[in-house]
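Here is how the chains run, residue by residue.
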Amino acid sequence: MVQDISSLNAMDDAETANRTLNLDGLRSFVAICETGSFRRAAARVHKSPSAVSLQIARLEDLLGARLLHRDARHVDLTECGETLLGQARKLLGINDETLALFQRSALAGRLRLFAPHDLGVSLVPDVLRRLARIHPGVRVDVRLGTSEAVLKSITDGSASLILFNDVGPSAIQARDLFSEPLKWMMLDGGRAVRTEPLPLAVAEVGCAWRDAALGALQTAARQYRIAYSSDTSMGQVAALRADLAVAALPRSLLSRDLVEVPAHHDLPRLPVTHIRVADDGSDLARSFVALIAAEVQTRAHFAAE
């Protein structure tokens, strides 16, 4: 039996109505756009990189459009990807607002969080996003500064919770969240490491990584000069990629173009760096510590894969 045109149109309409965007896939897509990497996006959404790749493939299949251009080093949005990004953020915002209407949390109040610039950019936004979903009644005020200023804020009572990078034993009572070695890094094939005195890219005064690097060089009687200074490690990474300097940074920042300085350059050994958290003992701060610990452990797990 031959179906008439109206029947076929009705079938097409029903098929279209059943095509529904997957919010988890959209969340992974937005994470890729914001982090510039499938690996970092996977850590953010607590999935493996292969699972995130599969989500993007399904999105592209559903929409019938290529969303991302990928090569060994870069992820760029296509024109269709640009269109989807705005829509995805709107849909996820509506989803999160709707969930918050039905969530009931006993926790409410104001939390004063102080963190160094690097953690304020890399870790804090994701934790705040999670806190807003679970405890919508909590207000968080965030300040960023040097490790030295961050430590002072918890002792003088101006912060209820701090995150900080540290080397060696902690000067205050704190919880270790994650540790990794500092490494001397350079541009792969770069020439800055051959320059005398050794050009360094460092963070501002008061940064634990800066102190560790300068202390190691001074102990080894190695001549150096500050060639580049930045508030964040991303500024130091930019200096390395321009082959302006070498830097002491966490091992997790090694990449295809940023490599460890070869041993024959005889740079001194660097210590392990720790991400630590300290709080004022309040229930609100302790709940936030639990969220931070879960976020850091998830990132460490996927970074190791």
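Residues numbered from 1 in each chain as written. Predicted model: local features only at pLDDT ≥ 70, side-chain atom pairs only at ≥ 80, totals over all residues. Heavy atoms only, no water.

(A) Inspection of the overall build of the protein chain at higher detail. The helix and strand inventory of the protein chain stands at 11 helices and 11 strands. Taken over 305 residues, the protein chain has a buried fraction of 42%. In the protein chain, 75% of the contacts between residues at least 6 apart in sequence involve partners at least 24 apart. Here the protein chain has roughly 16400 Å² of accessible surface; of this, 52% comes from carbon and sulfur atoms. (Helix = DSSP H or I, 4+ residues; strand = E, 2+ residues; numbered from the N terminus. Buried < 20%, exposed > 50% of the residue type's maximum accessible area, 1.4 Å probe, protein only. Contact = heavy atoms within 4.5 Å. Areas by Shrake-Rupley, 256 points an atom, 1.4 Å probe, with all protein chains shown as cover.)

(B) Focus on unusual backbone geometry. For the peptide bond that leads from Glu196 to Pro197, omega is -10°, which places it in the cis range. Along the polypeptide, Pro197 turns up in the loop between β6 (175-187) and β7 (198-203). Phi at Ala221 takes a positive value of approximately 55°, unusual for a residue other than glycine. Mapped onto the fold, Ala221 is located in the loop between α9 (208-219) and β8 (224-230). Phi is positive for Asp243, which is not a glycine, with a value near 60°.

(C) How the structure looks around the environment of Glu180. Relative to the assigned elements, Glu180 resides in strand β6. C-alpha of Glu180 to C-alpha of Arg251: the two residues are 71 residues apart in sequence and 6.6 Å apart in space. Looking at Glu180, its side chain comes within polar contact range of the main-chain nitrogen of Arg251, at 3.4 Å. Engagement of the side chain of Glu180 in a polar contact is seen with the backbone nitrogen of Ser252, the distance being 2.8 Å. (Polar contact = N/O pair within 3.5 Å; in protein donor to acceptor, adjacent residues only side chain to side chain.)

(D) Spotlight on the pairing of β8. Looking at chain direction, β7 and β8 are connected through six bridges and run parallel. Looking at β8, one finds that Leu198 is bridged to Tyr224. Assessed by its sense of winding, the connection that carries the chain from β7 through α9 to β8 is right-handed. (Pairing = 2+ DSSP bridges. Right-handed = clockwise from strand over helix to strand, strands pointing away.)

(E) Spotlight on the layout of surface pockets. Estimated volume of the second largest pocket: approximately 390 Å³. As for the second largest pocket, its lining consists of 19 residues, and the residues nearest its centre are Arg27, Arg44, Val45, Arg129 and Arg133. For the lining of the second largest pocket, the secondary structure elements donating two or more residues are α2 (23-35), α3 (38-45), α5 (79-102) and α7 (124-134). Among the elements that make up the lining of the second largest pocket, the one with the highest residue count is α2 (six residues). Residue classes in the lining of the second largest pocket are distributed as four nonpolar, three polar and 12 charged. (1 Å grid on protein atoms, 1.4 Å probe; cavity = no way out; pocket = protein on both sides within 12 Å on 5 of 7 lines; lining within 4 Å. Points joined across faces, edges and corners; volume = space filled by probe spheres on them. Nonpolar A, V, L, I, M, F, W, Y, C, P; charged D, E, K, R; others polar.)

(F) Spotlight on empty space enclosed by the protein. Scanning all chains against the criterion turns up one cavity of 30 Å³ or more. By volume, the largest cavity is sized at about 90 Å³. In this structure, the largest cavity is lined by Pro116, His117, Asp118, Gly145, Thr146, Ser147, Asn165, Ala203, Glu204, Cys207, Ala208 and Asp231. Here the residues of the lining of the largest cavity are counted per class, giving four nonpolar, five polar and three charged.

(G) Quick peek at a nonpolar patch on the surface. Taken together, Leu21, Leu23, Leu63 and Leu91 make up a surface patch of nonpolar side chains, about 260 Å² in accessible area. We classify Leu91 as partly exposed; its relative accessible area is 34%. (Patch = residues over 30% accessible without salt bridge, like charges linked within 9 Å, V, L, I, M, F, W, Y side chains within 5 Å. Salt bridge = Lys/Arg side-chain N within 4 Å of Asp/Glu carboxyl O.)

(H) Representation of the side chain of His117 in the model. Turning to its location among the elements, His117 is positioned in helix α6 (residues 117-122). With residues up to four places along the chain from it excluded, the contact list for His117 reads Leu144, Gly145, Glu204, Asp231 and Thr232.

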